[in-house]
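# Notes for the structure review
Spelled out from the first residue to the last, the chains are:
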Amino acid sequence: MPQLKSSAKRLFDLLDKFTQARVLVVGDLTLDEFLTGQVERISREAPVLILRHENTRQVPGGGANAVYNLAKLGAQVKVAGLVGKDDQGQALRQIFETAGIDTSGMLLDPPRPTVTKTRISGHARQSVTQQIVRVDRKSDELPDPDLQIQLAEYIRQQLETVDAVVCSDYGDGVFTQPVIEAALCHRQTIVDAQVSLQRYQGATLFTPNLPEAEQAVGYAIASPSAVAQAGRDLLNLTQAQQMLITRGEEGMSLFDSDGTQQHIPAFNRTDVFDVTGAGDTVVAALTLGLVCGASFWEAAVLGNLAASIVVRQFGTATTSPEEMKAALLGLLEEE
């Protein structure tokens, strides 16, 4: 990729500026719990495994993963979202505060639990650990209308203090009309939404993955001509300035409202262990690139680079500017 070599110095300079960026993330905040244990025996009560608990790990998931990725990349981050009046909400707040994230926009929503995904994994002696079951805690009810307005107000109050707003929409109820309208008031709003992209009409940039893009346009995106058509249709649907379709091992396709189309190949196609949360990492690095003055192509390259690192790790993961510099050096040596 010759363009990478000619842009290398610029990309290193952009990575050095990440700490200057100020970002507000509006998100569906989730706590991912990983509970592991050793299988002792089969229960006499039912044909199920009895695990001797070894450890429980709690990490930010869903929209909270986008928040955490931005913080780990060095940005000054504020978060706007809802958590329940429960231990999981407290755990998420604690993780964020330890990472230096401003949590004053994490509003309490007592009737609804903090969205929590608990993965229970077990292993026999000297065997690999495997997931046995996942328990999800969430409510299908929308937040109270007063709380929606309160959250929208908080977002409006922060707009002048941040360089960009990221909407991380996992469909868990945070993104009601008042909240979306408030987030779209910023001049640079980046949207990562799983469904209903048209609700964010006029946002700066969208970052759907391939299945999300297919769902939005209503047809399969299986050929270069279909990718090009989807890019145009998505820009039309959302009235966005730019569209980035992330396509896994096929890389990324960039579309600008002026008709420009560019493609970036995947930087890591072999050491892929877990793509969970990689989209959040792309959005985080891409946003910081744009805030620091990167072109759309440069920002997408930084997003691609960050994702190529986190897919090497199991579960939701983060990276840092130092790791990204090392990965970039490795790519340049391969050229």
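The following refers to the structure shown. Since the model is a prediction, treat every value here as computed from it, not as a measurement.

## Focus on the overall build of the chain
Each helix and strand counted, the chain has 10 helices and 13 strands in total. Here the C-alpha atoms of the chain give a radius of gyration of 20 Å, agreeing with the 20 Å that 2.2 N^0.38 yields for 335 residues. Viewed in the frame of its principal axes, the chain has a C-alpha envelope of about 65 × 50 × 40 Å. Counting only residues that meet the buried cut, the chain has 54% of its 335 residues in that class.

## Structural notes on the packing of helix H2 (residues 63–72) against helix H3 (residues 87–98)
In contact at an axis separation of 10 Å, H2 and H3 are set at 15° when each is read in the N-to-C sense. The angle between the axes of H2 and H3 places the two elements in the roughly parallel class. The handedness of the crossing between H2 and H3 is left-handed. Where H2 abuts H3, its residues Ala 64, Val 67 and Tyr 68 lie against Leu 92, Ile 95 and Phe 96.

## A look at helix H6 (residues 210–217)
For H6, every residue scored as buried is listed here: Glu 212, Ala 213 and Val 217. Each buried residue of H6 lies within a common arc of 125° when the element is viewed along its axis, so the set occupies one face. Residues of H6 that are exposed and point over 90 degrees away from its buried face: Pro 211 and Gln 215. Buried-residue contacts for H6 involve strand E9 (189–193), helix H7 (224–238) and strand E11 (242–246). Of the residues flanking the start of H6, the one acting as N-cap is Asn 209, its side-chain oxygen 2.9 Å from the backbone nitrogen of Glu 212. In the stretch just after H6, Gly 218 is the one whose phi turns positive, near 85°.

## Remarks on H7
Because each turn of an α-helix spans 3.6 residues, side chains separated by three or four positions end up pointing in the same direction. With 15 residues, H7 should reach 21 Å at 1.5 Å per residue; the first-to-last C-alpha distance of 21 Å fits that figure. Taken together, the buried positions of H7 are occupied by Ala 226, Val 227, Ala 228, Ala 230, Gly 231, Leu 234, Leu 235 and Thr 238. Where the residues of H7 are buried, they touch strand E10 (205–206), H6, E11, strand E12 (252–256) and strand E13 (261–264). Following H7 by one or two positions, Gln 239 has its phi on the positive side, about 55°.

## Quick word on the pattern of salt bridges
Counted by the stated rule, this structure contains 11 salt bridges. For Asp 32, the salt bridge goes to Arg 119, with nearest N and O atoms at 3.3 Å. Here the residue Asp 32 occupies a position in strand E2 (residues 29–42), and Arg 119 occupies one in strand E6 (residues 115–123), the gap between them amounting to 87 residues. Given a relative accessible area of 3%, Asp 32 falls into the buried group. Arg 119 sits in the buried class, given a relative accessible area of 12%. Across the pair Lys 138 and Asp 172 runs a salt bridge whose closest N-O atoms are separated by 2.9 Å. With Lys 138 in the loop between strand E7 (130–137) and helix H4 (145–158) and Asp 172 in the loop between strand E8 (164–169) and helix H5 (177–183), the pair connects residues that are 34 residues apart, well separated along the chain. Classification of Lys 138 as partly exposed rests on a relative accessible area of 42%. With relative accessibility at 11%, the residue Asp 172 sits in the buried group.

## Thoughts on the sheet that holds strand E4 (residues 76–83)
Two modes of strand pairing occur in sheets, parallel and antiparallel, and in both the strands are linked by backbone hydrogen bonds. Reading across from one edge, E5-E4-E1-E8-E9-E10-E11-E12-E13 is the order of the nine strands in this open sheet, with mixed pairing throughout. Each of the sheet's edge strands pairs with one partner strand only, and the pair in question is strand E5 (102–108) and E13. In this fold H2 packs onto strand E1 (22–27), E4 and E8, with an angle of close to 165° to the strand it touches most, E1. This element, H3, spans E4 and E5 of the sheet and lies at about 170° to E5.

## Let's talk about the packing of helix H1 (residues 2–16) against helix H10 (residues 321–334)
Running from N to C, H1 and H10 cross one another at 170°; their axes reach a closest spacing of 11 Å. As far as their axial angle goes, H10 and H1 are roughly antiparallel. Of the residues in H10, those in contact with Leu 4, Lys 5, Ala 8, Leu 11, Phe 12, Leu 15 and Asp 16 of H1 are Pro 321, Met 324, Lys 325, Leu 328, Leu 329, Leu 331 and Leu 332.

## Considering the nonpolar core
Judged by nonpolar contacts, the single largest core of 61 residues is most densely connected at Phe 96, Leu 244 and Met 324. Examining the composition of this core, we find that 10 residues originate from one element, helix H9 (residues 296–310), more than from any other. The residues touching Phe 96, leaving out its near neighbours within four places in the chain, are Pro 60, Ala 64, Val 67, Tyr 68, Val 79, Ile 101, Thr 103 and Met 106. Judged by nonpolar contacts, the second largest core, of 38 residues, contains Leu 147, Ala 152, Val 191 and Ala 226.

Reading the values: rules and limits
Residues numbered from 1 in each chain as written. Predicted model: local features only at pLDDT ≥ 70, side-chain atom pairs only at ≥ 80, totals over all residues. Heavy atoms only, no water. Helix = DSSP H or I, 4+ residues; strand = E, 2+ residues; numbered from the N terminus. Rg over C-alpha atoms; globule rule 2.2 N^0.38 Å. Buried < 20%, exposed > 50% of the residue type's maximum accessible area, 1.4 Å probe, protein only. Axes fitted to C-alpha atoms, helices over the stretch in contact; angles between N-to-C directions. Parallel < 35°, antiparallel > 145°, perpendicular 65-115°, else oblique. Left-handed = near helix turned anticlockwise from the far one by under 90°. Contact = heavy atoms within 4.5 Å. Arc of directions from axis to C-beta. Polar contact = N/O pair within 3.5 Å; in protein donor to acceptor, adjacent residues only side chain to side chain. Expected span 1.5 Å × (residues − 1). Salt bridge = Lys/Arg side-chain N within 4 Å of Asp/Glu carboxyl O. Pairing = 2+ DSSP bridges. Core = buried A, V, L, I, M, F, W, Y, C linked by side-chain atoms within 4.5 Å.

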